[in-house]
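# Analysis of the macromolecular model
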Amino acid sequence: MNIATKNITLNNEIFTLTNQRAAFWKKEKALILSDLHIGKTAHFRKNGIALANHIMKSDLERLSVLIEYFQPEKFIVVGDLLHAGDNSDVDEFCSWRNQYPDLHFFLIKGNHDRLSAALEKKLCLNFKSESLTIEGFTFVHDFDKNLSEFQITGHIHPGVVLNSAVKSIRLPCFVQTNNQLLLPAFSEFTGLDTKNIPKSGKFYVFTDSEIHEI
């Protein structure tokens with residue numbers, strides 16, 4: 001797996017974007033991502049759609065490589081950690097999580113994160129809330145126009161369409177505006193929204209090998 005990076009400045013702080021669908025905030029030693037949708041493949045299988053769980057395994061392997069690369073102390077998921085409650089994929093995620101007992105696990109609740117008390121305990125969360133503010137940055141799943149702080153968000157699964165004379169290509173991206181950093185979905189088993197993303201700002205598109213501003 002190749003990790004390509006690009007440093008950007010948000011309110012005088014350096015954040016490192018990666019082509020592996022996550023960002024790193026060096027000052028806070030925080031690995032930041034959104035929309036893992038753990039349990040989505042198991043949910044499909046339960047409903048009669050045969051999907052192998054290698055998709056989730058691949059997501060967790062990428063996450064392990066990022067942890068090894070950045071050596072974070074904080075792991076911040078900006079919503080939709082889960083897809084459909086508790087299932088066998090969640091068991092596998094919890095086994096993966098137990099490899100990193102010293103990593104402080106912050107969950108910002110997304111619209112899919114319906115947690116019972118038992119499930120919350122099982123996930124070994126250090127923090128769970130609708131939002132989290134650190135050093136003037138507010139982490140919230142979906143952009144809130146009523147907040148004054150700079151927001152780091154997910155939810156939309158942003159993507160862009162690049163047109164050429166031969167064909168059009170849809171690629172995932174980060175979007176930076178004056179008051180928001182919109183993260184891509186971390187799971188590769190998600191669609192891309194190319195219509196509802198912020199219209200003005202900087203777009204950082206990526207492939208398996210590169211990340212570039214367009």
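Scroll up for the structure.
Residues numbered from 1 in each chain as written. Predicted model: local features only at pLDDT ≥ 70, side-chain atom pairs only at ≥ 80, totals over all residues. Heavy atoms only, no water.

## Details of the environment of Asp102
Under the convention used in this document: Strands here are runs of E lasting at least two residues and helices are runs of H or I lasting at least four, both read from the DSSP assignment and numbered beginning at the N terminus. Per-residue accessibility, obtained with a 1.4 Å probe over protein chains only, is compared with the maximum for each type, and a residue is labelled buried under 20%, exposed over 50%, and partly exposed between these values.
Within the element layout of this structure, Asp102 appears in the loop between helix H3 (88–97) and strand E6 (104–108). Residue classification places Asp102 among the exposed residues on the basis of a relative accessible area of 68%. C-alpha of Asp102 to C-alpha of Gly201: the two residues are 99 residues apart in sequence and 36 Å apart in space.

## Structural notes on the environment of Leu107
Inspection of the secondary structure puts Leu107 in strand E6. On the accessibility criterion, Leu107 (0% relative accessible area) is buried.

## Observations regarding unusual backbone geometry
Backbone geometry at Asn11 places phi at a positive 50°, although glycine is not the residue there. Mapped onto the elements of the fold, Asn11 is located in the loop between strand E1 (5–10) and strand E2 (13–18). Unlike most non-glycine residues, Cys124 shows phi in positive territory, near 55°. Here Cys124 lies in the loop between helix H4 (117–122) and strand E7 (127–129). Owing to a relative accessible area of 32%, Cys124 belongs among the partly exposed residues under this scheme.

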